[in-house]
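Architecture at a glance
Letter by letter, the chains look like this.
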Amino acid sequence: AAALRAEQLGSTLADLRAAVDKATETVVSSGPGGVTVALAIAVGALQAFCRINWTGPKAPASWAEVSLVHPDNDGEDDEPTPLLKAIREDLGIDGEPLSDHARGAGMLWLSTVVLAQISCKTPTGFIWQARAGFAWQRALHDANDRGLGYAPTLLRRCVETFAVALHHFSILPSEAFNAVRRDFVRTEITLTMPLDLAEDEIDSLMPLPEAPQFEGQTWEHQALPALVKACLLVELVVRLSFYGRTRGVQETLKAACSHLDFDYKLSALMGIKRAHQKVAHAQLTCMTRSVTREGGGSGEAAPNQLKLSEIDDMTDILERPRLEVDALEEGWSVDAPLDAPELCILLAVCQWKWLGANPNDELMHHEVNALAMRAVALPAQPKEAEGEGMMLASNWLVFSTALWFKCRAEFSRIKTRERAVFQFEVLVNQYSDEKPSGQHRLLFSHALPFPARWHAQQELGKRMCMMGLVLTAYEMYKQLRMWGEAVDCLVIVDRKNEAKELIHKQMEVRKTPHLVCSLGELDNDPQYFEQAWDLSNKKYARAQRLLGHYHFQKGNMQGAIDAYTLALAINPLHKNIWFTRGIALMRLQQIKEAAASFVRAIGVEDEDYQVWGNLAACHTQLGNLKEARMAIGEASRHGRDHWRIWESYLQICMNLVDLHGVLRAFKRLCELGRGGSLHVGALQETVKWVHTDKQLFESKLGARQMATKVYDCFKLVTDTSPSKWRYWRLRAILEDIMSLAPESYASHMAEFRHLQSEVWEADFEHFPELITELAKTLDTLSEEAANPAISGDGKVMQELAMVMKNVEQKLEKRPEVAHARLEGKEPSPVCSKVLELAARVQSFAARRSGLA
């Protein structure tokens, strides 16, 4: 610590880095425990940064003696010192700047610099480097858990390298690791790489991060306590959920539970949730199974948990549902208190479910509420916590995180929304509480998805806005110097001029690229984006992203492409930018380049159906039909409920003569209510394949061998869209091919019924076309009715004769025929043909009847 006192660190960033490097080297080489001392310095700096920004309480003034800058001033001064400004700029990474609200930037910088030097010298260095990377990620300006502000460098450090290391040390099982690695970012993936490669083939082209190697040291990782192993796995789950890479979450959670001999499940129990409710109903509940513990209870020696009765004394909603616990299986519990590591697992599940679903998904809200309610169950009696006195909660921060998710879930329900907002406010304000100590709060901080101080304040303001308290939220943001959020509030209430004045006022004090971009968004002026780009020394990627959006909206595709390319060169971890860039390239008919852009988007996130669909369209235009078939298959898997994807799927399968795919598309379109919009040409071509026994795509079979499946599909088509006479005609043709004479006749009769309704209602323009089709149908019916296999005892012909008579009467009333009769002319050839056919059938039926 003496080597790192502020007066010895220099006045420039270069001097500072040199001083830190020299001090670290001195400490490391001071003796056998030198590496441990250096690690303690890095860990202490990181924990101090986390205490200041996440857990509280406020840092004591004495920290100024050994910190690079005083933590309470960092981020709050109107104009930072040159050294602090240089540190904050240095903490900008991949085009993402450090948040203006993050305090103690010097301590984060110190931790990362020291860890970079000693991570290969100590077995636990990779753990702390990953923790520092994730704290750094969450401290970036635009970082959130919905896909913005991600830094590729930090993602690799705190997820990919961390997962490889955990697997190397047998903490993360192979099954879980194989699932996790499927989500590793493939930003270098190219169009020339086959998209259906196996994982080992991809890894051979883009190797996994190397496992940690230590200089002359071994790590007895087998001796690690099960609790530590479980917490490390929970840390990985929290980061995977944050980055939206959730394939391996379930397997990793399973491994964490096995270390603690713990299990959980979401299920239903009968119970009541209103005071005057008499009949029990199923209540979604989180049940846990672990070692035997005392029964649950309630108390006050924990973070303040507001009760519904404190907000509304007239409410009849119970704090927790009154459940019929007698129905529980042996060993399972809904209220037994849990240890902090077990609660961390439940809260990691909350994070996974919250971020893995639509924010408005009602089922997700119920699941998160059940998990959070289980996590806030308290023991009957408080216990002595080391140095903290008597406490009910096993850990203050763990309980606060559970309350945080409980508030999020409760906000979706009218009866509990008001209590949720007040509870949010309590959680935000408790940062300043002196008790419990920072040491206690930090104990599980890296394994919990608890928000940073400014993120919690932002969410509180957001909830206020959703309840209509926009100006209240504005005043809160203004007091907290959260200018961007304050501007958003003014825009919501249509006070844009005040918003501009606020930005200009702040720019007079401290001009930042973020404020300049905010002004550009308000004025929709690209000059501000270019100004922000220059102000950041061409490092602020968001300025180019916004400039690209502006050009795209104005139709300047080349300008958008150029701006997006500059932004992606700095930070390629933006799937939406790769996607929009690909759309712009498609509009300029640069199809190959567009396909490459879509592939890069897939390398970042491979579950977006729109990206896969557009990639399929590019491959189709390039003539790569097999690649198009694979891409549209992925699109249909991720966008199963989007009919446009299935129409594209159908078209590509038609081009490949992929009959299996064609039938799948027909069926799914019918299920989505699009059966009436099926292209008749596609149905007609399918019947033609069966008739000619067409060779199928990647199969030795001919289409005739799939005739039964085709027929079943056509029955579904006509059942879902019975009024489409063309569908009935094609079904009848297919039945004729399959030698199903009676069924073919019935389908033609259905075709006639639906066709004639269009004929008699048709205008002069469309009547000739429709009467021609009716003539074809009647001609076919007359031929089939003469077939002994159909006519039988003559009843079929008698029914057809009655149909013909009806057609004849209606046709005579049509203006086209009636006017011709008045003028002494013959009707049109088609009308004459129909009338002659009707007379012939009636005559034939009369003769058959006479013979009978």
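As the structure is a prediction and not an experimental result, all values here were calculated from the model. (Residues numbered from 1 in each chain as written. Predicted model: local features only at pLDDT ≥ 70, side-chain atom pairs only at ≥ 80, totals over all residues. Heavy atoms only, no water.)

Side chains that are three or four residues apart share a direction in an α-helix, a result of its 3.6 residues per turn. Helix length check: helix α15 (residues 414-429) (16 residues) gives 24 Å between terminal C-alpha atoms against 22 Å at 1.5 Å per residue, within 8%. Inspection of α15 places Thr416, Arg419, Ala420, Val421, Gln423, Phe424, Val426, Leu427 and Val428 among the buried residues, and these make up the whole buried set. (Helix = DSSP H or I, 4+ residues; strand = E, 2+ residues; numbered from the N terminus. Expected span 1.5 Å × (residues − 1). Buried < 20%, exposed > 50% of the residue type's maximum accessible area, 1.4 Å probe, protein only.)

The next subject is the packing of aromatic side chains. For the structure shown, the criterion picks out 13 aromatic pairs. Look at Phe126 and Phe162: their rings are 6.1 Å apart centre to centre, the planes differ by 40°, and that puts the pair in the tilted class. Of this pair, Phe126 sits in helix α5 (residues 125-138) while Phe162 sits in helix α6 (residues 152-168), placing them 36 residues apart in sequence. Residues Phe126 and Phe162 agree in their burial class; the two are buried. Taken together, a centroid distance of 5.3 Å and an interplanar angle of 90° make the contact between Phe134 and Phe242 edge-to-face. On the criterion of sequence distance, the pair formed by Phe134 in helix α5 and Phe242 in helix α9 (residues 226-242) is long-range, its members being 108 residues apart. Of the two residues, Phe134 and Phe242, both sit in the buried class. Cluster of aromatic residues (ring-pair linked, three or more members): Phe134, Tyr150, Phe242 and Tyr243. Residue placement shows Arg417 over the ring face of Phe411; its charged tip is 4.5 Å from the ring centre. (Phe/Tyr/Trp six-rings, centres within 6.5 Å; stacked < 30°, edge-to-face > 60°. Lys NZ or Arg CZ within 6 Å of the ring centre and 35° of its normal.)

To find leftover empty space, a probe the size of one water molecule is rolled over the atoms. Enumeration over the complete set of coordinates arrives at three cavities of 30 Å³ or more. Taken as a whole, the largest cavity encloses approximately 120 Å³ of empty space. In terms of lining residues, the largest cavity is bounded by 13 residues, among which Cys50, Arg138, Ser445, His446 and Leu448 are the most central. Looking at the lining of the largest cavity, the elements with two or more residues in it are α2 (34-55) and α5. No other element matches the four residues that α5 contributes to the lining of the largest cavity. For the lining of the largest cavity, the residue count by class is seven nonpolar, three polar and three charged. (1 Å grid on protein atoms, 1.4 Å probe; cavity = no way out; pocket = protein on both sides within 12 Å on 5 of 7 lines; lining within 4 Å. Points joined across faces, edges and corners; volume = space filled by probe spheres on them. Nonpolar A, V, L, I, M, F, W, Y, C, P; charged D, E, K, R; others polar.)

For the protein, the average pLDDT comes to 84, and 87% of its residues sit at 70 or higher. Scored below 50 in pLDDT, residues 189-193 shows 12 contacts in the model against residues more than four places distant or in partner chains. Counting contacts from residues 292-301, a segment whose pLDDT is below 50, to residues more than four positions away or on other chains yields 28 contacts. (pLDDT = per-residue confidence, 0-100. Contact = heavy atoms within 4.5 Å.)

What follows covers the pairing of strand β2 (residues 281-289). Across nine bridges, the pairing between strand β1 (residues 263-274) and β2 is antiparallel. Among the inter-strand pairings, Tyr264 is bridged to a residue of β2, identified as Thr288. (Pairing = 2+ DSSP bridges.)

Counting 232 residues, the largest nonpolar core has Leu166, Tyr243, Leu253, Ile345, Phe598 and Phe666 as the members making the most contacts within it. Apart from residues no more than four positions distant in its own chain, Leu166 is found in contact with Phe126, Ile171, Leu172, Leu232, Leu233 and Leu236. (Core = buried A, V, L, I, M, F, W, Y, C linked by side-chain atoms within 4.5 Å.)

Between side chains of opposite charge, pairing is possible as soon as their charged atoms come close. Tallied over the full model, the rule gives 25 salt bridges. The salt bridge involving Arg239 is made with Glu235; its shortest N-O contact spans 2.8 Å. You can see Arg239 and its partner Glu235 sitting in helix α9, four residues apart, about one turn around the helix. For the pair shown, Arg239 and Glu235 are each scored as buried. With a closest N to O distance of 3.6 Å, Glu367 and Lys353 form a salt bridge. Of this pair, Glu367 sits in helix α13 (residues 362-375) while Lys353 is found in helix α12 (residues 340-355), placing the two residues 14 residues apart along the sequence. Of the residues examined, Glu367 reaches a relative accessible area of 18% and is grouped as buried. (Salt bridge = Lys/Arg side-chain N within 4 Å of Asp/Glu carboxyl O.)

Moving on, we get to unusual backbone geometry. In this structure, Pro57 follows Gly56 across a cis peptide bond, with omega equal to -10°. You can see Pro57 is positioned in the loop between α2 and α3 (82-90). In this structure, Ser170 is a non-glycine residue whose phi angle is positive, near 60°. With respect to the helices and strands, the residue Ser170 is situated in the loop between α6 and α7 (174-180). By relative accessible area, which is 56% here, Ser170 ends up exposed.

It is worth spelling out the environment of Ala14 at this point. For Ala14, the position within the fold is in helix α1 (residues 13-28). Classification of Ala14 as exposed rests on a relative accessible area of 55%. Residues Ala14 and Ala86, spaced 72 residues apart in sequence, show a C-alpha to C-alpha distance of 9.6 Å.

Further remarks concern the environment of Ser723. Tracing the chain through its elements places Ser723 in the loop between α32 (707-720) and α33 (725-737). On the accessibility criterion, Ser723 (44% relative accessible area) is partly exposed. Separated by 28 residues in the primary sequence, Ser723 and Glu751 have C-alpha atoms spaced 8.4 Å apart. Not counting residues up to four positions away in its chain, the partners in contact with Ser723 are His754 and Glu758.

Looking now at the packing of helix α25 (residues 575-587) against helix α26 (residues 591-604). Two elements in contact, α25 and α26, have axes separated by 8 Å at closest approach and are oriented at 165°. Compared by their axis directions, α25 and α26 come out roughly antiparallel. For the crossing formed where α25 meets α26, the hand is left-handed. Counted together, Lys575, Trp578, Phe579, Arg581, Gly582, Ile583, Leu585 and Met586 of α25 and Ile591, Glu593, Ala594, Ser597, Phe598, Arg600, Ala601 and Val604 of α26 form the full contact between these two elements. Taken together, the residues of the contact of α25 with α26 break down into 10 nonpolar, two polar and four charged. (Axes fitted to C-alpha atoms, helices over the stretch in contact; angles between N-to-C directions. Parallel < 35°, antiparallel > 145°, perpendicular 65-115°, else oblique. Left-handed = near helix turned anticlockwise from the far one by under 90°.)

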